[in-house]
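Chain by chain, the residues:
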Amino acid sequence: MNNHACVTGWGMYVPERVLTNQELEKLVDTSDSWIIERTGIRERRVVADHETASTMATEAARQALDRAGLEAKDIDLIIVATVSPDNYYPSCGCQVQDTLGAKRAAAFDLGAGCSGFLYALSTATQFIKTGAYRNAVVIGAEAFTRTLNWEDRGTCVLFGDGAGALVLQACQEPFGLRSFLLGADGSGGKFLYLRNLCARPGDWPENNRPQMYMDGPEVFKFAVGSMVNTAREAIKMAGLSLSDIDLIIPHQANYRIISSMTRFLKIPEDRVVINIDRYGNTVSASIPVALCEAIRDGRVKDGDNLVLVSFGTGFTWAGLVLKWGVPAEVGKRSLSQAGASRGDGQGGVK
Ligand code: UT7
């Protein structure tokens, strides 16, 4: 029986529209220097009217399928991690399934905030490991800026939009997830939330317009310890030590969080992927987008041990070790070659 799930394709999409810190200076009482110093963010992408989480998810998935050499009819499962879907229902997963024409695929959304993509990757892997499915598409997609209060300087400067996707396929050799750790502590829910219209009427957002609330310092306190402990535990669960890890791809929420994690783990920053300066926090899209860029930049090689680690609303946390590579039985081409030769959805693929 095939009992591993290797990554055979990847893709990303970010909107064309770049929103700079200088533009934000005109909207709220902030400054380029404050944003850079406190967060590391210089600019972020923002959806245009024609873009949503599902349109971006579909484009990222198309690229990932193309790289994997799969067609829509081959897909058994689509999971979209998102907290900014187009609808309460139907799910983004169903919208992607329809647009791609993936007629055989089961499809659903998964909401675990910024940990959503790693929750989804772990979930899809279980379906493949049990032999239930062979080919899955896992996507993180967010039109998160549509939830922001553009008068709240404490939150509106932090987030951006985008999508990233991976194709997972059954294989016999031990590539793919070597360990995963998922966690939750719902008592942290009060620090970062977005009510919806089905909340108790007294809890409805003002004007019935969904807008996020965040207590930044409380989330920050939770984030650093969570990222460090989760990364350490996931590495231990894989039977590895930090020196075996080639690259860490953390959730991109704040450069200071990433750099504190790096210091506590005592790893050099050149073994950590950081792109928050160009995208801000894209919530469940942040890790797949960072992974796609790392592949494009030649930072991921066959045989590498990658650590993907995140924290988010809930609170939730997730960490996993991913052994990168495609066995000959599945791979149609060299992953590293394919990664280097593509544009990776920069500049708004339509
Ligand atoms: O994916 C998970 C989602 N969220 C996170 O990971 C967020 C985690 N938290 C953070 O990243 C940080 O807490 C923030 C970046 C949100 C805030 O940074 P901070 O260093 O914790 O600032 P603070 O909230 O303690 O505020 C310090 C000061 C305050 O002014 P006073 O009261 O000292 O006068 C804020 O009003 O900075 C002010 N401030 C700003 N000033 C200029 C807050 N936002 C801004 C801003 N521009 N955009």
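Quantities reported herein were computed from a predicted structural model and do not represent experimental measurements.

Participant: For this particular structure, what's the right way to read the pairing of strand S6 (residues 135-142)?
Facilitator: Sheet faces and side chains relate simply in a regular strand, where the side chains alternate between the two faces. Within S6, 8 of the 8 residues are buried, which leaves it mostly tucked inside the rest of the structure. Alternating positions in S6 separate into two faces, Asn 135, Val 137, Ile 139 and Ala 141 on one and Ala 136, Val 138, Gly 140 and Glu 142 on the other, with burial throughout. By the bridge criterion, 5 bridges tie strand S4 (residues 77-81) to S6 in an arrangement that is parallel. Pairing of Ile 78 across the sheet is with Val 137, part of S6. In terms of strand pairing, S6 meets strand S7 (residues 162-171) through 8 bridges, oriented antiparallel. Looking at S7, one finds that Ile 139 is bridged to Ala 165.

Participant: Help me understand the packing of aromatic side chains, please; the structure alone is not making it clear to me.
Facilitator: Two descriptors summarise a pair of aromatic rings, namely the distance from one centre to the other and the angle between the planes of the rings. Throughout the structure, instances matching the rule amount to 8 aromatic pairs. When the centroid spacing of 6.0 Å and the interplanar angle of 20 degrees are considered together, the rings of Phe 191 and Phe 315 count as stacked. Within this pair, whereas Phe 191 is found in the loop between strand S8 (176-184) and strand S9 (192-193), its partner Phe 315 is found in the loop between strand S12 (305-312) and strand S13 (316-323), the two being separated by 124 residues in sequence. For the ring pair Phe 222 and Phe 315, a centre distance of 4.0 Å and an interplane angle of 5 degrees mean the geometry is stacked. Here the residue Phe 222 occupies a position in helix H7 (residues 216-237), and Phe 315 occupies one in the loop between S12 and S13, the gap between them amounting to 93 residues.

Participant: Even after reading the chapter, I still don't get the domain arrangement of the protein, so can you show me in this structure?
Facilitator: How large an interface is tends to be reported as the accessible area lost when its parts come together. Each assigned domain of the protein is listed here: domain 1 (4-175) and domain 2 (178-323). The distance between the C-alpha centroids of domain 1 and domain 2 comes to 14 Å. Across the boundary between the two partners, domain 1 contributes 51 residues, which contact 47 residues of domain 2. Of the roughly 3,900 Å² buried between domain 1 and domain 2 on both sides combined, carbon and sulfur atoms contribute 66%. When the buried area of domain 1 at its contact with domain 2 is split by residue, Cys 114, Leu 118 and Tyr 119 rank highest and sum to 17% of it. Remark: the boundary between domain 1 and domain 2 carries 0 salt bridges. One can count 16 residue pairs in polar contact (both at pLDDT 80 or more) joining domain 1 with domain 2. Residue assignment for the side of domain 1 that touches domain 2 shows that the elements contributing at least two residues are strand S1 (4-13), helix H2 (32-39), strand S3 (43-45), helix H5 (116-129), S6, helix H6 (153-156) and S7. Residue contributions to the side of domain 1 that touches domain 2 peak at 7 residues, all from H5. Here the residues of the side of domain 1 that touches domain 2 are counted per class, giving 24 nonpolar, 18 polar and 9 charged.

Participant: Teacher, can you tell me more about the site of the ligand here?
Facilitator: For the ligand, the set of nearby residues contains 23 residues, the closest of which are Thr 30, Arg 38, Cys 114, Asn 254 and Asn 281. Here Arg 153 contributes a side-chain N or O atom positioned 2.9 Å from an oxygen atom of the ligand. Compared with its free state, where it exposes 940 Å², the ligand has 70% of that area covered by protein. Mapped onto the shell around the ligand, the elements with two or more residues apiece are H2, H6, H7 and helix H8 (255-265). Top contributing element to the shell around the ligand by residue count: H7, with 4 residues. The residue makeup of the shell around the ligand, split by class, is 12 nonpolar, 7 polar and 4 charged. Counting contributing residues, the shell around the ligand receives three or more from each of domain 1 (4-175) and domain 2 (178-323).

Participant: Which parts of the structure should I look at to understand the packing of H7 against H8?
Facilitator: Between two packed helices, both the angle of their axes relative to each other and the distance between the axes serve to describe the pair. As a packed pair, H7 and H8 sit with axes 9 Å apart at the nearest point and diverge in direction by 40 degrees. Viewed along their axes, H7 and H8 adopt a mutual orientation that is oblique. Considering the relative orientation of H7 and H8, their crossing is right-handed. From H7, Phe 220, Ala 223, Val 224, Met 227, Val 228, Ala 231 and Arg 232 reach across to H8, where they touch Arg 256, Ile 257, Ser 260, Met 261, Phe 264 and Leu 265.

Participant: Looking at this model, I keep getting lost on the environment of Val 83. Mind explaining?
Facilitator: Tracing the sequence through the fold places Val 83 in the loop between S4 and helix H4 (92-100). Sequence-wise, Val 83 and Pro 250 are 167 residues apart; in three dimensions their C-alpha atoms are separated by 19 Å.

Reading the values: the criteria
- Residues numbered from 1 in each chain as written.
- Predicted model: local features only at pLDDT ≥ 70, side-chain atom pairs only at ≥ 80, totals over all residues.
- Heavy atoms only, no water.
- Buried < 20%, exposed > 50% of the residue type's maximum accessible area, 1.4 Å probe, protein only.
- Helix = DSSP H or I, 4+ residues; strand = E, 2+ residues; numbered from the N terminus.
- Pairing = 2+ DSSP bridges.
- Phe/Tyr/Trp six-rings, centres within 6.5 Å; stacked < 30°, edge-to-face > 60°.
- Domains from an automatic or database assignment.
- Contact = heavy atoms within 4.5 Å.
- Buried area = accessible area lost by both parts, 1.4 Å probe.
- Salt bridge = Lys/Arg side-chain N within 4 Å of Asp/Glu carboxyl O.
- Polar contact = N/O pair within 3.5 Å; in protein donor to acceptor, adjacent residues only side chain to side chain.
- Nonpolar A, V, L, I, M, F, W, Y, C, P; charged D, E, K, R; others polar.
- Near = heavy atom within 4 Å.
- Areas by Shrake-Rupley, 256 points an atom, 1.4 Å probe, with all protein chains shown as cover.
- Axes fitted to C-alpha atoms, helices over the stretch in contact; angles between N-to-C directions.
- Parallel < 35°, antiparallel > 145°, perpendicular 65-115°, else oblique.
- Left-handed = near helix turned anticlockwise from the far one by under 90°.

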